[in-house]
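Commentary on secondary and tertiary structure
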Amino acid sequence: MKGHATMSAPLFATASPLAVNVLDAQSLLGAFGVLGVGVVLFAETGLLVGFFLPGDSLLFTAGLLCTGSSATGVHLSLAPLLIMAVAGTLAGSQCGYLIGRKAGGALLARSRSARLHEGAQRAEELLGRYGFAKAIVLARFVPIVRTVLNPMAGALGVPARSFTLWQVIGGVLWTVGLTLGGYALGSSIPNVDQYLLPLVALIVAVSLSPLLVEILRSRRAAAGRRSGTDA
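Let me sum up the structure you'll find in this document. Since we're looking at a predicted model, the values are computed, not measured. (Residues numbered from 1 in each chain as written. Predicted model: local features only at pLDDT ≥ 70, side-chain atom pairs only at ≥ 80, totals over all residues. Heavy atoms only, no water.)

Quick look at the nonpolar core
Stated formally: By nonpolar core is meant a set of buried Ala, Val, Leu, Ile, Met, Phe, Trp, Tyr and Cys residues that side-chain atoms within 4.5 Å join together. Each residue's exposure class comes from its accessible area (1.4 Å probe, protein chains only) as a fraction of the maximum for that residue type: buried when under 20%, exposed when over 50%, partly exposed otherwise. Each helix is a run of H or I in the DSSP string that is no shorter than four residues. Each strand is a run of E no shorter than two, and both are numbered from the N terminus. In this analysis, two residues are considered to be in contact whenever any of their non-hydrogen atoms come within 4.5 Å of each other.
Counting 20 residues, the largest nonpolar core has Leu29, Val37, Leu59 and Leu76 as the members making the most contacts within it. Here this core gets seven residues from one element, more than from any other, and that element is helix 1 (residues 25-46). Leaving out residues up to four positions away in the same chain, Val37 has contacts with Leu29, Leu58, Leu59, Ala62, Leu81 and Ala85. With 17 residues, the next largest nonpolar core counts Ala120, Leu126, Leu127 and Ala135 among its residues.

Some points on the environment of Ala85
In this fold, Ala85 is placed in helix 3 (residues 78-103). Overall, the relative accessible area of 1% leaves Ala85 in the buried class. Taking the C-alpha atoms as reference points, Ala85 and Leu58, separated by 27 residues in sequence, lie 9.9 Å from one another. When near neighbours in sequence (up to four residues on either side) are disregarded, Ala85 contacts Val37, Leu41, Leu59 and Thr175.

Describing the pattern of salt bridges
Which entries qualify depends on this criterion: Salt bridges are defined as contacts in which a side-chain nitrogen from Lys or Arg sits within 4 Å of a carboxyl oxygen from Asp or Glu.
Under the defined criterion, the tally for this structure stands at two salt bridges. One salt bridge in this structure joins Glu44 and Arg146, with 3.1 Å as the shortest N-O distance. Placement of the pair is Glu44 in helix 1 and Arg146 in helix 6 (residues 145-155), with a sequence separation of 102 residues. Of the residues examined, Glu44 reaches a relative accessible area of 1% and is grouped as buried. With relative accessibility at 2%, the residue Arg146 sits in the buried group. With a shortest N-O distance of 2.9 Å, Arg146 and Asp56 are connected by a salt bridge. Residue Arg146 is located in helix 6, and its partner Asp56 is located in helix 2 (residues 55-64); the two are separated by 90 residues in the primary sequence. Salt bridges sharing partners connect three or more residues here, namely Glu44, Asp56 and Arg146.

Describing empty space enclosed by the protein
So the rule is basically this: Residues are said to line a cavity or pocket when one of their atoms sits within 4 Å of a point; the points come from a 1 Å grid over protein atoms alone, cavities being sets where a 1.4 Å probe fits but cannot get out and pockets being open sets with protein on both sides within 12 Å along at least five of seven lines. Grid points are joined across faces, edges and corners, and a volume is the space filled by probe spheres set on the points.
All chains considered together, the criterion is met by two cavities of 30 Å³ or more. Within this model, the second largest cavity holds a volume of roughly 30 Å³. Contributing to the lining of the second largest cavity are Ile136, Ala139, Arg140, Arg146, Leu149 and Asn150. Of all the secondary structure elements, the ones that give two or more residues to the lining of the second largest cavity are helix 5 (114-139) and helix 6. For the lining of the second largest cavity, the element with the highest residue contribution is helix 6, accounting for three residues.

Right, here's the structure in full:
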């Protein structure tokens with residue numbers, strides 16, 4: 001609320017972790033601060049169980065809270081945030097790749113999540129259609145796909161050197177780009193955090209748009225093949 005002193009939280013914020021909502025970026029940042037950003041991004045990009053975590057909105061919101069203009073009472077430091085975000089993302093992706101190399105599709109096969117299996121299918125299609133470099137970079141910007149592409153790349157035998165190079169490039173572009181985007185918006189518009197919910201909804205919609213385009217394209221292609229068969 002306005003009038004309250006702003007807290008400086010370079011690594012931790014002071015909200016109770018017991019009350020945290022892991023699906024809400026602002027709740028995560030209030031409870032765990034910058035350290036929580038690294039942990040969440042590691043889980044989202046490296047562990048199949050983290051596909052539901054809010055990576056895009058977390059980075060954008062964290063960048064916005066670095067401006068000091070937020071009325072939430074939480075203030076993060078930009079440099080530690082960028083370091084922790086990049087470290088968590090790159091370490092998580094490499095971990096996911098190694099899991100895929102060792103476990104293959106066994107872990108994915110055990111999952112009953114339809115969203116996870118659909119994401120795995122999209123990840124495999126990306127690798128096949130665009131090649132290793134473009135697919136690995138593009139996947140960073142697509143929720144769910146960025147979670148499953150890393151182990152899929154390992155399971156499909158993508159060379160470790162190629163994967164590491166392009167996941168670093170994609171990871172830095174994604175984390176730094178979204179964080180600085182939130183920071184720039186927060187710096188230019190006072191009290192922009194009052195409109196955080198619609199902003200986050202817009203970010204999620206934009207993030208999901210590549211996946212929706214791919215789904216529509218695949219359905220049209222399948223319908224075209226069926227009509228060609230019936231003719």
